[in-house]
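The primary structure of each chain is shown beneath.
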Amino acid sequence: MAESSSEFKPYIPADKITPEFTISSILTGIILAIVFGAANAYLGLRVGMTISASIPAAVIAMGITRIIFKKNSILESNMVQTIGSAGESVAAGAIFTMPALFLWAKEGLINQPSLLSISLITLCGAILGVLFMIPLRNSIIVQEHGTLPYPEAQACAEVLLAGEKKGSDARSEERRVGKE
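Bear in mind the structure is a predicted one, so any value in this text is a computation, not a measurement.

1. A few points about the overall build of the protein
On a plain count of helices and strands, the protein comes out with seven helices and zero strands. Tracing the protein from N to C terminus, the helices and strands come up as α-α-α-α-α-α-α. Here the protein holds 180 residues, and the buried ones make up 27% of them. Sequence-distant contacts, at least 24 apart, represent 71% of the contacts inside the protein between residues at least 6 apart. Accessible surface, the protein as shown: approximately 12,200 Å² in total, 68% of it carbon and sulfur.

2. Some thoughts on the packing of helix α2 (residues 54–68) against helix α3 (residues 74–95)
Here α2 crosses α3 at 140°, and the two axes come no closer than 8 Å. Taken together, the axis directions place α2 and α3 in an arrangement best described as oblique. For the crossing formed where α2 meets α3, the hand is right-handed. Between α2 and α3, the contacting residues are S54, A57, A58, A61, M62 and T65 on the first element and E76, S77, V80, Q81 and S85 on the second. Broken down by class, the residue content of the contact of α2 with α3 amounts to five nonpolar, five polar and one charged.

3. Observations concerning a nonpolar patch on the surface
Taken together, the side chains of L128, F132, M133, L136, I141, V142, L148 and Y150 make up a nonpolar region of the molecular surface, amounting to roughly 670 Å² of accessible area. With respect to the secondary-structure elements, F132 resides in helix α5 (residues 115–142). Since its relative accessible area comes to 56%, F132 is described here as exposed.

4. Some remarks on the nonpolar core
I12, A58, M62, I74, L75, C156, L160 and L161 form the largest nonpolar core, which has eight residues in total. Of the residues forming this core, the biggest block, three residues, is contributed by helix α6 (residues 151–164). Those residues within four positions of L160 in sequence are excluded, and the remaining contacts are A58, M62, I74, S77 and N78.

5. Some remarks on α2
Under the 1.5 Å per step criterion, the end-to-end length of α2 is 20 Å for 15 residues, consistent within 8% with the ideal 21 Å. The complete set of buried residues in α2 reads S54, A57, A58, A61, M62, I64 and T65. Down the axis of α2, the buried side of the element spans an arc of 165°, and every buried residue falls inside it. Exposed side of α2, more than 90 degrees from the buried face: I67 and I68 are the residues found there. Phi for K70, located one or two positions after α2, is positive at around 55°.

6. Focus: the pattern of salt bridges
With the rule as written, the count across this model stands at one salt bridge. With its nearest N and O atoms 3.1 Å apart, the salt bridge here joins E76 to K71. Since its relative accessible area comes to 31%, K71 is described here as partly exposed.

7. Concerning the confidence of the model for the protein
With 87% of its residues at a pLDDT of at least 70, the protein reaches an overall mean of 84. In this model residues 1–5 is a low-confidence stretch, pLDDT under 50, and it forms nine contacts with partners more than four residues away in sequence or in other chains.

8. Overview of α6
The end-to-end C-alpha separation of α6 is 20 Å, in line with the 20 Å expected for 14 residues at 1.5 Å each. Buried within α6 are the following residues: C156, L160, L161, G163 and E164. Take α6 and look down its axis: the buried residues cluster within an arc of 155°, on one side only.

9. Brief notes about the packing of helix α1 (residues 23–47) against α3
When two helices pack together, their arrangement is captured by the angle between the axes and the distance separating the axes. Between α1 and α3, whose axes approach to 7 Å, the crossing angle comes to 30°. Here α1 is positioned roughly parallel relative to α3, judged by the angle of their axes. Two packed elements cross with a definite hand, and for α1 against α3 that hand is right-handed. Looking at the contact of α1 with α3, its residues break down into 12 nonpolar, nine polar and two charged.

Rules used throughout
- Residues numbered from 1 in each chain as written.
- Predicted model: local features only at pLDDT ≥ 70, side-chain atom pairs only at ≥ 80, totals over all residues.
- Heavy atoms only, no water.
- Helix = DSSP H or I, 4+ residues; strand = E, 2+ residues; numbered from the N terminus.
- Buried < 20%, exposed > 50% of the residue type's maximum accessible area, 1.4 Å probe, protein only.
- Contact = heavy atoms within 4.5 Å.
- Areas by Shrake-Rupley, 256 points an atom, 1.4 Å probe, with all protein chains shown as cover.
- Axes fitted to C-alpha atoms, helices over the stretch in contact; angles between N-to-C directions.
- Parallel < 35°, antiparallel > 145°, perpendicular 65-115°, else oblique.
- Left-handed = near helix turned anticlockwise from the far one by under 90°.
- Nonpolar A, V, L, I, M, F, W, Y, C, P; charged D, E, K, R; others polar.
- Patch = residues over 30% accessible without salt bridge, like charges linked within 9 Å, V, L, I, M, F, W, Y side chains within 5 Å.
- Salt bridge = Lys/Arg side-chain N within 4 Å of Asp/Glu carboxyl O.
- Core = buried A, V, L, I, M, F, W, Y, C linked by side-chain atoms within 4.5 Å.
- Expected span 1.5 Å × (residues − 1).
- Arc of directions from axis to C-beta.
- pLDDT = per-residue confidence, 0-100.

Now the structure itself:
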């Protein structure tokens, strides 16, 4: 049964102050975004399809946050995962639209696109994506919480939550998730 947004209880209470938007989480997320974006761009141009990097980004984010930075912050791991998986989305948007420019250039309709124009078009697409998501966030994510299924987002949340649990708690959580 779908839970309504009024019944939703966040994992981290709103009154608890926990670091989330830190320099280390932003820089780590940017590095992951570059790596996943490059991998997705290569894969997309080579075989014509891309993969979602959200769950691998969540696992890597949790490992980096815990092992390298010696922190145990689910919010920082979530920030790293979100930024890291955004790189593959931007790359997918670019690789499925940019080839048209090269085809037009081959036909003599336009000049060969420069690296600067490709970068600017990709940056504009990313900014437009963020600007469209800001007003849509409330209606799509907040108001429809529990109604619209987001299986990949739920899987990422489960990965991060399982990483928060220690020892036998994590093993029992793993068994619980496996049975669902």
